[in-house]
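Here's the letter readout for the chains.
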Amino acid sequence: MDKIIGLMGRDEVVADLVAEIRKGKHVILTGTVGIGKSAVLREALEQVNARVGLIIRLHDHQAKGQFVEMARQMLELDLLTAKELELPASFHGTPGSEIDWAEIKNKVNRMSMRDLTQSVIPALAKAETKPVIAVDDLTSLTPTQMAFWLAIFEHAQVVGCASEKKARVKKLWWKMKEISIRPLSKSVARDVIKQYITTKGMLIESPDQYISHVVKQSGGVPQAIYDMLDESGKERLIDKRKVREMRHEAGIQYLDFTPMVMILGALIVSMRYIGMGTGDKTLYIMGGMGAALFLTFRFFIFKGVGR
Ligand SMILES: Nc1ncnc2c1ncn2[C@@H]1O[C@H](COP(=O)(O)OP(=O)(O)OP(=O)(O)O)[C@@H](O)[C@H]1O
Ligand SMILES: [Mg+2]
């Protein structure tokens, strides 16, 4: 998709990420599923490539697979030898970059994460420049696997993405600088949609209404935008009725509870004053209790809607 649209409206966050990578920080990109974490990471790595010597990119979403990918790429880069990886002696004479992965794949896959970590760490430590390890997804990490990642953190710079910062691995998050990716602004979302419509040549009865609808329902999440556009793309003509029927889960995001909560707060507070003014004790007491409860629960309400 990004081939036809390109990365839109992310210059600032990409620049932030590039700056942090150059500073040598471990970074975690956070944001809801499909918000564009991987896309931002990819773009930042392109930009940083010339300056940072060595980048290892891991696309697997499971820790074990990530460590296998790491070993594989380090072999290819001659950062790791067959001997260090404890492969059979018959491989020891061959440089890592010349070993056929197919021949050793199963052996490496059977290694434990502990063994992989023990092979990889000394090799990372002796690299001339500290390697940058870019991990596409760290969301599903378990505490046991985290320990191996923490060991890697000592000898490489790790930049990763997570759609959720699970509390069970918070020690990892503590070591990382967080950059959170926000939904696209309405105007950027609009541009993405327009670009797509023009490229694909979609037939739409009332384009403005359609675009506004997609902007709203997608909540500014690029993946949600594409889901909806791909779905509409199947229709010969998108008429008004079809637009009204369109829904996307991500749309909930634009729902703003703030005004509702503020009005509720004002009502409760005014209850007290009305009670005081009219001498209605019950109203006065209820208003006071309401205000206390409101202040307590407001905290949880805001937490609940992700603020
Ligand atoms: N700013 C943008 N402009 C245009 N397209 C974008 C933008 N950001 C992301 N995309 C596209 O949206 C899709 C989803 O983005 P991406 O895969 O980067 O999201 P993600 O946050 O990594 O999702 P996940 O949590 O599932 O890994 C991709 O096809 C990507 O190319
Ligand atoms: Mg991703």
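Quantities reported herein were computed from a predicted structural model and do not represent experimental measurements.

### A look at the packing of helix α9 (residues 186-200) against helix α11 (residues 222-233)
Interaxial distance between α9 and α11 falls to 11 Å at its minimum, and their mutual angle equals 30°. As far as their axial angle goes, α11 and α9 are roughly parallel. When the axes of α9 and α11 are compared, the crossing they make is right-handed. Facing α9, whose interface residues are Ala189, Val192, Ile193, Tyr196 and Lys200, α11 presents Pro222, Ile225, Leu229 and Gly233. Counted by class, the contact of α9 with α11 contains seven nonpolar, one polar and one charged residues.

### Re the nonpolar core
Ranked by internal contacts, the top residues of the largest apolar core, which has 67 residues, are Val40, Ala71, Met74 and Ile133. Ranked by the residues each element gives to this core, the list is headed by helix α4 (residues 63-76), at seven residues. For Ala71, the contacting residues outside a window of four places in its chain are Leu80, Leu85, Val108, Leu116, Ser119 and Val120.

### A closer look at unusual backbone geometry
Phi at Asp78 is positive, roughly 55°, even though this residue is not glycine. Of note, Asp78 is situated in the loop between α4 and α5 (101-110). Located in the positive-phi region is Glu86, a residue other than glycine, with phi close to 55°.

### Things to note about the sheet that holds strand β5 (residues 177-180)
Strand order across the open sheet formed by five strands is β2-β3-β4-β1-β5, with parallel pairing between neighbours. In this open sheet, the two strands that pair with only one neighbour each are β2 (55-58) and β5. The average angle at which neighbouring strand axes cross in this sheet is 15°, direction not considered. When β2 meets strand β3 (residues 132-135), the two strands line up parallel, connected through four bridges. Of the residues in β3, the one forming a bridge with Arg57 is Ala134. Here helix α3 (residues 37-48) sits on the sheet in contact with β1 (27-30), β2, β3 and β4 (157-162), set at roughly 150° to β4.

### Examining the environment of Ala82
When you line up the elements, Ala82 lands in the loop between α4 and α5. Each C-alpha atom, one on Ala82 and one on Ala266, is 70 Å from the other, the two residues being 184 residues apart in sequence. Ignoring any residue separated from it by four or fewer positions in sequence, one finds Ala82 in contact with Leu87, Phe91, His92, Thr94, Gly96 and Ile99.

### What about the environment of Gln145?
Of note, Gln145 is situated in helix α7 (residues 143-153). Note: C-alpha distance between Gln145 and His59 (86 residues apart in sequence) is 16 Å.

### Things to note about α9
Given 3.6 residues to a turn, an α-helix orients residues that are three or four positions apart in the same direction. Look at α9: 21 Å from first C-alpha to last across 15 residues, which is about the 21 Å you get at 1.5 Å a residue. Listed as buried for α9 are Ala189, Val192, Ile193, Tyr196 and Ile197. For α9, the arc enclosing every buried residue in end-on projection is 130°, short of the 170-degree limit, so these residues lie on one face. Facing away from the buried side of α9 by over 90 degrees, the exposed positions are Ser187, Lys194, Thr198 and Thr199.

### Overview of α3
Between its terminal C-alpha atoms α3 stretches 16 Å, which fits the 16 Å expected from 12 residues at 1.5 Å a residue. For α3, every residue scored as buried is listed here: Lys37, Ala39, Val40, Leu41, Glu43, Ala44 and Val48.

### Brief notes about the packing of helix α10 (residues 207-218) against α11
Between α10 and α11, whose axes approach to 9 Å, the crossing angle comes to 135°. Judged by the angle between their axes, α10 and α11 are oblique. Two packed elements cross with a definite hand, and for α10 against α11 that hand is right-handed. Residues Val214, Gln217 and Ser218 of α10 pack against Ala224, Ile225, Met228 and Leu229 of α11.

Basis of the calculations
Each chain carries its own residue numbering, running from 1 in the written order of its sequence. Chain A is the first chain written and ligand 1 is the first ligand written, with later ones labelled in order. Reporting in this predicted model follows two pLDDT cut-offs: at least 70 for local features of residues, and 80 or more for side-chain atom pairs to be given and counted; totals over whole chains, interfaces and linings ignore these cut-offs and use all residues. Note on geometry: axes are C-alpha line fits, over the in-contact stretch for helices, and angles between N-to-C directions span 0 to 180 degrees. Each helix is a run of DSSP H or I of at least 4 residues and each strand a run of E of at least 2, with the numbering of both proceeding from the N terminus. Comment on the angle field: the value is read as roughly parallel under 35 degrees, roughly antiparallel over 145, roughly perpendicular from 65 to 115, and oblique elsewhere. Each crossing is labelled by how the near helix is turned from the far one, with a counterclockwise turn of less than a right angle marking it left-handed and a clockwise turn marking it right-handed. Note on contacts: each residue gets a C-beta atom placed from the backbone, and two residues are in contact if those atoms are within 7 Å. Under the convention adopted here, Pro, Cys and the residues Ala, Val, Leu, Ile, Met, Phe, Trp and Tyr are nonpolar, Asp, Glu, Lys and Arg are charged, and Gly plus all remaining residues are polar. Working definition: the nonpolar core is a set of buried Ala, Val, Leu, Ile, Met, Phe, Trp, Tyr and Cys residues, joined through C-beta atoms within 7 Å. Three classes are used. A residue is buried when 20 or more other C-beta atoms lie within 10 Å of its own, exposed when 12 or fewer do, and partly exposed in between, with C-beta atoms placed from the backbone. Strands are treated as partners if at least two bridges between them are detected by DSSP. By this rule the span expected of a helix is its residue count minus one, scaled by 1.5 Å. As used here, the arc is the angular range of directions from the helix axis to the C-beta atoms.

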